[in-house]
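These are the residues of each chain, in order.
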Amino acid sequence: MELIWRDILEKIYRKEETVAQRNAGKIPYSTDGNFFDDRSEDICWWTNGFWAGLLWQLYGVKKNALFRKEAERVERKLDRNFTIARGMDHDSGFKWLLTAGANALLTGSGESKNRLLLAANDLAGRFNPAGNFLRAWNDPGDGTNAGIAIIDCMMNLPLLYRASGMTGDPRFRAIAVRHAETARKYFVREDGSCAHIAQFDPETGEFLGTLGGQGMAVGSSWTRGQSWAIYGFALSYRHTRREQFLATSERVAHNFMECIPKNGYIPVDFCQEQACDAEDDSAAAIASCGLLELFRITGKEEYLQAAERLLGALAEGRCDLTAERDNILTRCSAAYHDEKHNFALIYGDYFFTEAVLKLSDKETFLW
Ligand code: GLY
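Computed from a predicted model, the values in this text were never measured in an experiment. (Residues numbered from 1 in each chain as written. Predicted model: local features only at pLDDT ≥ 70, side-chain atom pairs only at ≥ 80, totals over all residues. Heavy atoms only, no water.)

Trainee: Kindly report on empty space enclosed by the protein, identifying the contributing residues and their values.
Mentor: Taken as a whole and assessed by the stated rule, the structure comprises one cavity of 30 Å³ or more. In this structure, the largest cavity occupies an estimated 30 Å³ of space. Taken together, R189, C194, A195, H196, L211, G212, G215, A217, G219, S220 and W222 make up the full set of residues lining the largest cavity. For the lining of the largest cavity, the per-class residue count stands at five nonpolar, five polar and one charged. (1 Å grid on protein atoms, 1.4 Å probe; cavity = no way out; pocket = protein on both sides within 12 Å on 5 of 7 lines; lining within 4 Å. Points joined across faces, edges and corners; volume = space filled by probe spheres on them. Nonpolar A, V, L, I, M, F, W, Y, C, P; charged D, E, K, R; others polar.)

So this is what it looks like as structure tokens:
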């Protein structure tokens, strides 16, 4: 099997040589027609680290100077985000682990380590000790989002674990652990499915309930949220060795694996009507990374098999590995209630590439 994935990795590498050249200076989110759009003007957008992360992952394989140059350019552009308080939120891990964090790991850059710590300090400052959660979104200054936490944030906790590792200061790790404990309690349901949003009273910390968010409805199963939970709790286990995080990741993984449709393609929400054709390849790719991490930790073959099934389906029917268009995955969706579904999203491409690298034993571990 490893050979097939190495072959796909080689195709991704060749494709991205052309794509990086064609899109020099851009920070892509999706595509206009066959080619990447550019979010450079919307510098605080949560996905702005993924293109650089993909380039750093490929740089880790063959040290291609163009990939490094483009990734470093994104990292420098993101410095403007540090000057915009309302654009700093719970997604700092996505933005800076995959840019500055990757650069620090692969080149030892001191400037990048500095950026990583700035981002970690800001993320730590979002901790609400009354409810033991990291606040998610900002608001216009009226406090409306002060009590909101979201499952996606599990993927940003590694920024805090890394900051403790870099500084020897346990505060960052302590905050991450307390947030993960809260997420375990309030987001993950008995059957292993997950809520997207949990709402707390920001003054008292009282849990007020869950909201549907990017999924279909309150109580439904937004698939990308479940993917964030599988991978995010597995990463919290990797950084802390706390068994309860591993058990939570496995519980969500089992629910996810039971829900995979026969054709192997993941819907936007596991509760959506069968007639609805809205898919999310990004959920499949993120879940695969989480399942491969679970396989690495536990050695249980079921996780490897499920990841290969998901990735095999993507490789067969949802991938463009030619250089004719910029994206790799073709049918991602940002949210169930959006008008548009089944299009390119840069984080889908990042996680697909990361999963292929894991299967080829060539990953740089960035989380
Ligand atoms: N973190 C936002 C999303 O998954 O769409």
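Trainee: Can you break down helix α4 (residues 92-107) residue by residue, with the values?
Mentor: Relative to the 22 Å expected for 16 residues at 1.5 Å per residue, α4 spans 21 Å between its end C-alpha atoms, a close match to the ideal helical length. The principal kink in α4, of about 35°, is found at L98. Across the 16 residues of α4, 13 count as buried, placing the element largely inside the fold. In the stretch just after α4, G108 is the one whose phi turns positive, near 75°. (Helix = DSSP H or I, 4+ residues; strand = E, 2+ residues; numbered from the N terminus. Expected span 1.5 Å × (residues − 1). Bend = angle between axes of the 7 residues up to and from the residue. Buried < 20%, exposed > 50% of the residue type's maximum accessible area, 1.4 Å probe, protein only.)

Trainee: Summarise the pairing of strand β7 (residues 207-211); cite the residues concerned and give the values.
Mentor: The pairing of strand β6 (residues 197-200) with β7 spans four bridges and is antiparallel. Looking at β7, one finds that I197 is bridged to L211. In textbook terms, the turn of a hairpin is the stretch between consecutive antiparallel strands, and for β6 and β7 this stretch comprises six residues, one of which, G205, has a positive phi near 85°. (Pairing = 2+ DSSP bridges.)

Trainee: Kindly report on the site of the ligand, identifying the contributing residues and their values.
Mentor: All residues adjacent to the ligand are W46, D152, Q214, W222, R224 and W228. Taking D152, its side chain carries an N or O atom lying 2.7 Å from a nitrogen atom of the ligand. In this structure, an oxygen atom belonging to the ligand sits 2.7 Å away from a side-chain N or O atom of Q214. Burial of the ligand by the surrounding chains reaches 94%, relative to a free accessible area of 200 Å². For the ligand, the cavity whose grid points lie within 2 Å of the majority of its atoms is the largest pocket. Here the shell around the ligand is built from residues that sort into three nonpolar, one polar and two charged. (Near = heavy atom within 4 Å. Polar contact = N/O pair within 3.5 Å; in protein donor to acceptor, adjacent residues only side chain to side chain. Areas by Shrake-Rupley, 256 points an atom, 1.4 Å probe, with all protein chains shown as cover. Sits in = over half its atoms within 2 Å of the grid points.)

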